[in-house]
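# Geometric and topological summary
Each chain is listed here by its residues.
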Amino acid sequence: RMYHRALTAALQSDANWLAVVPSVDAWLRELRFEEVVSMLQVAGYASLPLEPLASSVDPNENHRAIAALHGVGCGVMTTNFDVLIEQAVLLSRPSVSQLMYQADFSGKSVDPSSIAKLHGSFWRWGNGSWIDSRDSICASIEDVGAQYVR
């Protein structure tokens, strides 16, 4: 909040900027998640400032509904980093397959029963336990775009 006030004060001190730049509040409301991650990387964060949220530890009815659809053969693609859909799947079967690294999506060996994590995932299910997979996170505009530039 301190930075928000400082930026607002700086913008309000120059009338020329106010004519062209939207208010900080309006600007922040319109930011996409990928833009925020890009800005944090430009600001010098060595690793993504993303961590699993402690407030989201149990699957809700939406996750269970998606898991039920997955269980009858519907494909699942998500941009969520959490593993709540996977946890819901694991309530009814012993294992879950995920696609999260760029290599997982290439080639003819893609498992259609896998949950496709388009931006990566905090965790990967393997050998009966969760394995840290934050290195799969592809969240900034630059990271996502780099997948398509050859």
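The structure we're discussing is the one just above.
Residues numbered from 1 in each chain as written. Predicted model: local features only at pLDDT ≥ 70, side-chain atom pairs only at ≥ 80, totals over all residues. Heavy atoms only, no water.

## Some words on the pairing of strand β4 (residues 123-126)
Relative to strand β5 (residues 129-132), β4 is paired through four bridges, and the arrangement is antiparallel. Paired with W125 across the strands is W130, a residue of β5. Connecting the antiparallel pair β4 and β5 is a turn made up of two residues, with N127 showing a positive phi of about 55°. (Pairing = 2+ DSSP bridges. Helix = DSSP H or I, 4+ residues; strand = E, 2+ residues; numbered from the N terminus.)

## Digging into the pattern of salt bridges
Throughout the structure, instances matching the rule amount to two salt bridges. Residue E86 pairs with K117 through a salt bridge whose shortest N-O separation is 3.0 Å. With a gap of 31 residues between them, E86 in helix α6 (residues 84-90) and K117 in strand β3 (residues 115-117) connect regions that are remote in the sequence. For D132, the salt bridge is made with R134, and the minimal N-O distance between the two is 2.4 Å. Classification of D132 by relative accessible area gives partly exposed; the value is 37%. Among the residues examined, R134 registers a relative accessible area of 31% and is labelled partly exposed. (Salt bridge = Lys/Arg side-chain N within 4 Å of Asp/Glu carboxyl O. Buried < 20%, exposed > 50% of the residue type's maximum accessible area, 1.4 Å probe, protein only.)

## Some words on the side chain of S136
Here S136 lies in the loop between β5 and α7 (141-146). Owing to a relative accessible area of 5%, S136 belongs among the buried residues under this scheme. Within polar-contact distance, the side chain of S136 engages the backbone oxygen of S133 at 2.7 Å. If sequence neighbours within four positions are ignored, S136 has contacts with M100, Y101, H119, G120 and S121. (Polar contact = N/O pair within 3.5 Å; in protein donor to acceptor, adjacent residues only side chain to side chain. Contact = heavy atoms within 4.5 Å.)

## Here's the deal with helix α5 (residues 61-71)
Along α5, the positions that sit buried rather than exposed are H63, A67 and H70. Burial along α5 is one-sided: seen end-on, the buried residues are contained in an arc of 55°. Looking at the buried side of α5, the elements it contacts are β1 (76-78), α6 and β3. (Arc of directions from axis to C-beta.)

## Describing the sheet that holds strand β2 (residues 98-99)
Read from one edge to the other, the open sheet built from three strands follows the order β1-β3-β2, with strand pairing classed as parallel. Two strands bound the open sheet, and with one partner strand each, they are β1 and β2. Relative to β3, β1 runs parallel, the two being bridged by three bridges. Of the residues in β3, the one forming a bridge with T78 is K117.

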